Amino acid sequence: MTDGSATNDGQRFDRLPATPADREVEGRASRQEVLDWWDERFGVPPETFEDFSLWEKGKGKIWLLRGDLASPVDVEALGMTFLRTRQKHWKPTMNAVQRFGAEATRNVVELTREQARRFARGDDQELDWDGDWGYLVVTHDLAGGEAPLGVGLYVHGELRSPVPKGRQRDL
């Protein structure tokens, strides 16, 4: 239960509470909410993350760590960035989608070779998609299987490529 005394500290990692009922920091997502979101949005089952702990550093920046540590942790980085939660629509990171996107069964869009090239360059493109709007797992066939390229944002008939400038490639 939130009593208002606990606060978010952007200089340390705090483990996410197990459930919303365990929440001490107003607005902090719980482990249950995060895993439910991955399941509902992408069909990635909660068991996928069984060996991982979830942490918040900063406001809504969720990190994933294989294993566990005592909380809080005063370090600069811990595991990998995983999800942004303190905004209207939660956003998975490119790293998270590249690591866990192969498990996704919903909201996955497979791109052709040319579409994948445009996506990797960071270009937005028109796309005929009959699924949900919002964040998608973007894949491309590679060596006979779907390989997750990253996260895309689909709105108004357009697939937006939020590939960070430093990771954009001309393939």
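Since we're looking at a predicted model, the values are computed, not measured.

Student: What's the story with unusual backbone geometry in this structure? I'm lost.
Tutor: A negative phi holds for most residues other than glycine; trans holds for most peptide bonds. Cis geometry is adopted by the peptide bond preceding P72, which originates at S71 and carries an omega value of 0°. Structurally, P72 can be placed in the loop between β3 (61-66) and β4 (80-84). Backbone geometry at N107 places phi at a positive 55°, although glycine is not the residue there. Mapped onto the elements of the fold, N107 is located in the loop between α2 (94-100) and β6 (108-111).

Student: Would you mind going over the environment of E103 with me for this structure?
Tutor: Topologically, E103 is positioned in the loop between α2 and β6. E103 sits 60 residues away from G43 along the chain, and the two C-alpha atoms are 7.6 Å apart. Contact partners of E103, with chain neighbours within four places excluded, come to G43, V44 and T48.

Student: Even after reading the chapter, I still don't get the sheet that holds strand β7 (residues 125-126), so can you show me in this structure?
Tutor: The strands making up a sheet associate through backbone hydrogen bonding, with each pair oriented either parallel or antiparallel. Ordered by their spatial adjacency, five strands build an open sheet running β6-β8-β9-β10-β7, and the pairing between neighbours is mixed. Looking at strand neighbours, the two that pair on one side only are β6 and β7, the edges of this open sheet. Of the strand pairs in this sheet, β7 and strand β10 (residues 158-160) are connected by two bridges, and their pairing is antiparallel. The partner of E126 across the bridge, within β10, is E158.

Student: How should the sheet that holds β3 be read in this particular structure?
Tutor: An order of β1-β2-β3-β4-β5 is seen for the five strands of this open sheet, with the pairing classed as antiparallel. Looking at strand neighbours, the two that pair on one side only are β1 (14-15) and β5 (91-92), the edges of this open sheet. Pairing between β3 and β4: four bridges, direction antiparallel. Bridging from a neighbouring strand, W63 pairs with T81 of β4.

Student: How do you make sense of the packing of aromatic side chains when you look at a structure like this?
Tutor: Here a ring pair, both rings aromatic, is described through the centre-centre distance and the interplanar angle of the planes. For the structure on display, the rule yields 12 aromatic pairs. For the ring pair F49 and F82, a centre distance of 5.5 Å and an interplane angle of 75° mean the geometry is edge-to-face. Residue F49 is found in the loop between α1 (31-42) and β2 (52-56), and its partner F82 is found in strand β4; the two are separated by 33 residues along the sequence. Like F82, F49 is buried. Taken together, the ring pairs in this structure connect W37, W38, F42, F49, F52, F82, W90 and F100 into an aromatic cluster.

Student: Honestly, the pattern of salt bridges in this entry has me stumped. Any pointers?
Tutor: As a working rule, side chains carrying opposite charge can pair if their charged atoms are close by. All chains considered together, the criterion is met by 12 salt bridges. With a shortest N-O distance of 2.9 Å, R12 and D14 are connected by a salt bridge. Judged by its relative accessible area of 22%, R12 falls in the partly exposed class. With its nearest N and O atoms 3.5 Å apart, the salt bridge here joins R28 to D14. Of this pair, R28 sits in the loop between β1 and α1 while D14 sits in strand β1, and the two are 14 residues apart along the sequence. Take R28: its relative accessible area is 6%, and that puts it in the buried class.

About the criteria used
Residues numbered from 1 in each chain as written. Predicted model: local features only at pLDDT ≥ 70, side-chain atom pairs only at ≥ 80, totals over all residues. Heavy atoms only, no water. Helix = DSSP H or I, 4+ residues; strand = E, 2+ residues; numbered from the N terminus. Contact = heavy atoms within 4.5 Å. Pairing = 2+ DSSP bridges. Phe/Tyr/Trp six-rings, centres within 6.5 Å; stacked < 30°, edge-to-face > 60°. Buried < 20%, exposed > 50% of the residue type's maximum accessible area, 1.4 Å probe, protein only. Salt bridge = Lys/Arg side-chain N within 4 Å of Asp/Glu carboxyl O.

It is worth stressing that arrangement in space is one thing and function is another; only the former is reported here.
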